[in-house]
Amino acid sequence: MTKQWFKDSVVYQIYPMSFQDSNNDGIGDLAGITQRLQYIHNLGADVIWLNPIYVSPNKDNGYDIADYRNINPNYGTMQDFEDLLQQAHRLDLKIMMDLVVNHTSDQHVWFKESRKNQTNEYANYYIWRDPVDGHEPNNWLAAFGGSAWTYVPERKQYYLHMFAEGQPDLNWENLEVREAVFDIERFWLDKGVDGFRMDVINLISKPEGLPDVTEPVTAGTTMDFVADGHRLNEFLRQMNDEVLSKYDTITVGEMPSSTPEDAIKYTGLDSHELNMVFQFEHVSLSPNPDVRLGKWNDEPINLVELKASLNRWQIGLDGKGWNSLYWNNHDQPRAVSRFGNDQPEFRVLSAKMLATTLHMMQGTPYVYQGEELGMTNGHFESLEQYEDIESVNFYHEFVDEQKIVDSATMLKYLANMSRDNARTPMQWNNQQNAGFSNVTPWYAPNKNYTAINAENVLSDNDSVYYHYQKLIQLRHDSEIVRYGTFEAIDSEDNQVYAYLRHYKEQSVLVLSNFTDKVVTRDYGQTKFSELLINNYLDDQGTILRPYESKVYLLTK
Ligand code: TEU
Ligand code: CA
């Protein structure tokens, strides 16, 4: 394999607790994933990204790690992991682990020691500060509500947590911390793991002196202010020099609020840091007009803005860095509900349209479990249906404490934007609990599992799954899809997303109608020699039917 195999790969993301329960405790597990490897291999994916599977008190569903070298018993044993890794490699599937090293759990032994006093061995592993005038050291807010600082009386200091109280930020200024993280990476890489998705990795270098954020102070603006700190390149370069460069890995850095220019600093062809980043621009469009509410909104997606964002990243990194390509993950609502149309009449068509639009771009595509089935948002109506710390915390902060929005409105925002939408169990069949578990699952399946499930989908040749399979095959077969340059067309068109890809003597034209209307667009596609893929069974040339997407190969 060349060191650039990440450019030829498609990644399938598994949220282990919601994928497949194999021992009837209602929680997805590693043995359950092993049972489903053939399904993932048949889709055509090359890599599996596992959300965190380490020992954790699960305050943030595993993003609060208490022991980096052992498997959460909820998911099984280290032997189960090694079986999964071996079976995956047998099917030529690589495994990417989720590395959460901006913070640990407050139950990690490092923090349990660090909080005791200011002189112990781990005293400087976290970010501790004295009170300022008896209060928090600055005005930073945490991503899941409240202040980013919590006071510990026994140490007489505050500690920083960009996320929940139970997720204290590690002090990356401390070389011992960096070396400890590098050892964790070596531990998994020496087991044969093929790479890492690095959680909020652009937060690890904090602004010098930890100054206040200027107005408006919301959780989002605190994260924007902290991201991409002055020592980030240095830390990532050291990680690459000391660890990653010694293995044949795939790495993706999750980087909230990064720009294409930032991404080039970390994924540039000569940057020797990361292969690619997860950026958040296209999933952060249409913010709430009331900035205090941050991401919580029920604004419609503006296609011209969406195109401008994706085009900026395609053009910005073309020949300079590498894009990850995603519509959704475990932190985002389901793609077909957010960017497409999940009404029965248009759900399959728009899910396939979204797949074509994204998979024909330059970059490494990520398919989030169930996206290949056209799984939808949960369309939750009551607070009791939410389990995610972020959803529950912000409901109470905005509705009960700050009283800046009423309950009905916040429930609409949650239904549209909550991470819970992506965390309902994988829908395997129309049997009890969608075939995910034989007992009541940790989280209720989406009510529509009787209609939307892998068994139904795999028996329908015209289904979303087989459309993804074709797109992935097309990527594997054609260099123009993998390496072609990107050319935007009609950026101001608010109904159709059209773009070209060029490579050596070939070009392809990608057309996606994002509306439920019939529209006509003539890009000369009738002179294009071959229809490579579409989501309708026939082709009406310049006519684009509701949510019609198709790809033409240009004749010379
Ligand atoms: O998410 C990073 C992050 O910025 C999240 O706060 C995300 O933007 C937000 O939840 C969108 O609603 C990573 C992980 O993907 C997420 O699951 C963790 O909760 C978070 O870091 C803390 O580890
Ligand atoms: Ca289980």
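Residues numbered from 1 in each chain as written. Chains lettered and ligands numbered in written order. Predicted model: local features only at pLDDT ≥ 70, side-chain atom pairs only at ≥ 80, totals over all residues. Heavy atoms only, no water.

Applied cut-off: UniProt positions are given in the numbering used here, feature names are shortened, and annotations may be inferred rather than shown by experiment.
As recorded in an unreviewed UniProt entry, the protein goes by the name Trehalose-6-phosphate hydrolase, listed as coming from Leuconostoc mesenteroides subsp. mesenteroides. Check the Sequence similarities (unreviewed entry) section of the UniProt entry for the protein; it says "Belongs to the glycosyl hydrolase 13 family."

## Section: the overall build of the protein
To keep it simple, the criterion reads: Numbering of helices and strands runs from the N terminus, with a helix taken as a DSSP run of H or I at least four residues long and a strand as a DSSP run of E at least two residues long. As a reference, a globule follows 2.2 Å times the number of residues to the power 0.38, and the radius of gyration itself is taken over C-alpha atoms. Contacts between residues were defined by any pair of non-hydrogen atoms, one from each residue, lying within 4.5 Å. Surface exposure here means Shrake-Rupley accessible area, sampled with a 1.4 Å probe, where a residue is shielded only by the protein chains that are shown. Only four residue types enter the charge count, namely Lys and Arg as positive and Asp and Glu as negative; His and the chain termini do not. Here the site of a charge means NZ on Lys, CZ on Arg, CG on Asp, or CD on Glu.
Helix and strand counts for the protein stand at 16 helices and 20 strands. Over its C-alpha trace the protein gives a radius of gyration of 23 Å, about what one expects of a compact globule, namely 24 Å for 556 residues. With the principal axes as the frame, the protein shows a C-alpha extent of 75 × 55 × 50 Å. Residue pairs at least 24 apart in sequence account for 70% of intrachain contacts in the protein once pairs closer than 6 positions are excluded. Accessible surface computed for the protein: about 20,400 Å², of which carbon and sulfur atoms make up 49%. Each charge sign in the protein was given a centre, from 47 positive and 81 negative side chains, and these centres are 3 Å apart.

## Details of the domain arrangement of the protein
This is how it is decided: The split into domains, and so the bounds of each, comes from an automatic or database assignment of domains. Here's the idea: put two parts together, see how much 1.4 Å probe accessible area each one loses, and the total over both is what we call buried area. In the analysis that follows, any N or O atom pair within 3.5 Å is treated as a polar contact, provided that within protein one partner can donate a hydrogen and the other can accept it, and provided that, for residues neighboring in sequence, both atoms belong to side chains. Throughout this entry, Asp, Glu, Lys and Arg are counted as charged residues, while Ala, Val, Leu, Ile, Met, Phe, Trp, Tyr, Cys and Pro are counted as nonpolar. The remaining residues, Gly among them, count as polar.
Taken domain by domain, the protein comprises domain 1 (8–100 + 175–467), domain 2 (103–169) and domain 3 (485–554). Placing the centre of domain 1 and that of domain 3 at their C-alpha centroids yields a distance of 29 Å. Listed by partner, the interface residues are 24 residues for domain 1 and 30 residues for domain 3. Between domain 1 and domain 3, a total of about 2,300 Å² is buried, with carbon and sulfur atoms accounting for 66% of that surface. For the pair domain 1 and domain 3, the number of links is 14 residue pairs in polar contact (both at pLDDT 80 or more). Those elements that place two or more of their residues in the side of domain 1 that touches domain 3 are α9 (303–317) and α11 (347–359). Here the side of domain 1 that touches domain 3 gets eight residues from one element, more than from any other, and that element is α9. Residue composition of the side of domain 1 that touches domain 3, by class: 12 nonpolar, eight polar and four charged.

## Some points on the site of ligand 1
For the record, the criterion: Here, proximity means that at least one heavy atom of the residue falls within 4 Å of the molecule or strand.
Ligand 1 sits among 19 residues. The nearest are Asp60, Asp199, Lys295, Asp331 and Arg419. Glutamate 254 is positioned such that a nitrogen or oxygen atom in its side chain is 3.2 Å from an oxygen atom of ligand 1. One of the side-chain N or O atoms of histidine 330 is found 3.0 Å from an oxygen atom in ligand 1. Summarising the interface, the protein chains cover 95% of the accessible area of ligand 1, which totals 490 Å² for the free molecule. When the residues that make up the shell around ligand 1 are grouped by side-chain class, the tally is seven nonpolar, three polar and nine charged. Each of domain 1 (8–100 + 175–467) and domain 2 (103–169) gives at least three residues to the shell around ligand 1.

## Quick word on the coordination of the calcium ion (ligand 2)
Stated precisely, the cut-off is as follows: Distances define the donors: N, O and S atoms within 2.8 Å of the metal qualify, as do those within 3.2 Å of Na, K or Ca. Water is excluded, so some sites may look unfinished. Residue burial is assigned from relative accessible area. The probe radius is 1.4 Å, only protein chains are included, and a residue is buried under 20% of its type maximum, exposed over 50%, and partly exposed in between.
Donor atoms from the polypeptide that bind the calcium ion (ligand 2) are Asp21 (OD), Asn23 (OD1), Asp25 (OD), Ile27 (O) and Asp29 (OD), placed at 2.2 to 2.3 Å. Counting gaps between the donor residues of the calcium ion (ligand 2) yields the pattern D-x1-N-x1-D-x1-I-x1-D. Relative accessible area serves as the criterion here: at 5%, aspartate 21 is assigned to the buried category.

## Quick notes on the pairing of strand β15 (residues 496–503)
To keep things clear, this is the line we draw: Strands were regarded as paired on the criterion that DSSP finds at least two bridges between them.
In terms of residue burial, β15 counts as a mostly covered element, since six of its eight residues are buried. Between the end of strand β14 (residues 485–489) and the start of β15, which pair antiparallel, lie six residues, with aspartate 490 showing a positive phi angle near 50 degrees. Two elements, β15 and strand β16 (residues 506–513), share eight bridges in a ladder whose sense is antiparallel. Residue pairing for β16: valine 496 is matched across the bridge by asparagine 513. The antiparallel pairing of β15 with β16 creates a hairpin that spans two residues between the two strands, and lysine 504 there sits at a positive phi of about 50 degrees.

## Some points on unusual backbone geometry
A positive phi is found at aspartate 228, a non-glycine position, where the angle reads about 60 degrees. With respect to the element layout, aspartate 228 can be found in the loop between α6 (219–226) and α7 (232–242). Despite not being glycine, serine 257 shows a phi value in the positive range, around 60 degrees. Among the secondary structure elements, serine 257 is positioned in the loop between β10 (250–254) and α8 (260–267).

## A few points about the sheet that holds strand β6 (residues 128–129)
Note on sheets: strands pair through backbone hydrogen bonds, and any given pair is parallel or antiparallel. The strand order across the open sheet formed by three strands is β6-β8-β7, and the pairing between neighbours is antiparallel. Looking at strand neighbours, the two that pair on one side only are β6 and β7 (149–152), the edges of this open sheet.

## Describing helix α13 (residues 407–417)
Of the positions making up α13, those classed as buried are Thr409, Met410, Leu411, Tyr413, Leu414, Ala415 and Met417. Residues of α13 that are buried in the fold lie against α10 (335–338) and α12 (389–401). Sitting at the head of α13, aspartate 406 places a side-chain oxygen 3.1 Å from the backbone nitrogen of alanine 408.

## Things to note about the packing of α12 against α13
Selection criterion: Between the N-to-C directions of two axes lies an angle of 0 to 180 degrees, each axis being a line fitted to C-alpha atoms and, for a helix, fitted only over the stretch in contact. In these notes the angle categories are as follows: under 35 degrees is roughly parallel, over 145 is roughly antiparallel, 65 to 115 is roughly perpendicular, and the rest is oblique. Note on convention: the crossing is left-handed when the near helix lies turned anticlockwise from the far helix by less than a right angle, right-handed when the turn is clockwise.
Between α12 and α13, the least distance of the axes is 10 Å, while the angle of their chain directions is 155 degrees. As far as their axial angle goes, α13 and α12 are roughly antiparallel. In terms of crossing hand, the pair formed by α12 and α13 is right-handed. Two secondary-structure elements touch here, α12 through Ser391, Phe394, Tyr395, Phe398 and Val399 and α13 through Ser407, Met410, Leu411 and Leu414. By residue class, the composition of the contact of α12 with α13 is seven nonpolar, two polar and no charged.

## Some words on the packing of aromatic side chains
The condition that has to hold: The criterion for an aromatic pair is that two Phe, Tyr or Trp rings (for Trp, the six-membered ring) have centres within 6.5 Å, with stacked assigned to planes under 30 degrees apart, edge-to-face to planes over 60 apart and tilted to the rest. For a lysine, the NZ atom is tested; for an arginine, the CZ atom; a charge sits over a ring if that atom is within 6 Å of the ring centre and within 35 degrees of the ring normal.
Inspection of every chain in the model, using the stated rule, returns 36 aromatic pairs. Three or more aromatic residues link up through ring pairs in this structure, and these residues are Tyr54, Tyr68, Phe81, Trp110, Tyr122, Tyr125, Phe187 and Trp188. One Lys or Arg, arginine 36, reaches over the ring of tryptophan 428 and ends 3.7 Å from the middle of that ring. Here the basic side chain of lysine 295 rests over the ring of tryptophan 296, its NZ or CZ set 4.6 Å away from the ring centre.

## Let's talk about α8
Which entries qualify depends on this criterion: This arc describes the spread of directions from the helix axis toward the C-beta atoms.
Along α8, the residues classified as buried are Pro260, Asp262, Ala263, Tyr266 and Thr267. Across the axial projection of α8, the buried residues extend over an arc of 150 degrees, all falling on one side. Among the structural elements, α7, β11 (276–278) and α9 are those in contact with the buried residues of α8.

## What to know about the pattern of salt bridges
When the charged atoms of two side chains with opposite charge come close together, those side chains can pair. We apply this condition: We define a salt bridge as a contact between a side-chain nitrogen of Lys or Arg and a carboxyl oxygen of Asp or Glu at a distance within 4 Å.
Enumeration over the complete set of coordinates arrives at 33 salt bridges. A salt bridge links aspartate 331 to arginine 423; the nearest nitrogen and oxygen atoms lie 3.2 Å apart. Taken as a pair, aspartate 331 in the loop between β12 (324–325) and α10 and arginine 423 in the loop between α13 and α14 (454–458) lie far apart in primary sequence, 92 residues in all. Across the pair, arginine 423 and aspartate 331 agree in class, each one buried. Aspartate 516 is the salt-bridge partner of lysine 517, the closest N and O atoms lying 2.7 Å from each other. On the accessibility criterion, aspartate 516 (34% relative accessible area) is partly exposed. Among the charged side chains, a network of salt bridges with common partners joins Asp60, Lys295, Asp331, Asp388, Glu390, Arg419 and Arg423.

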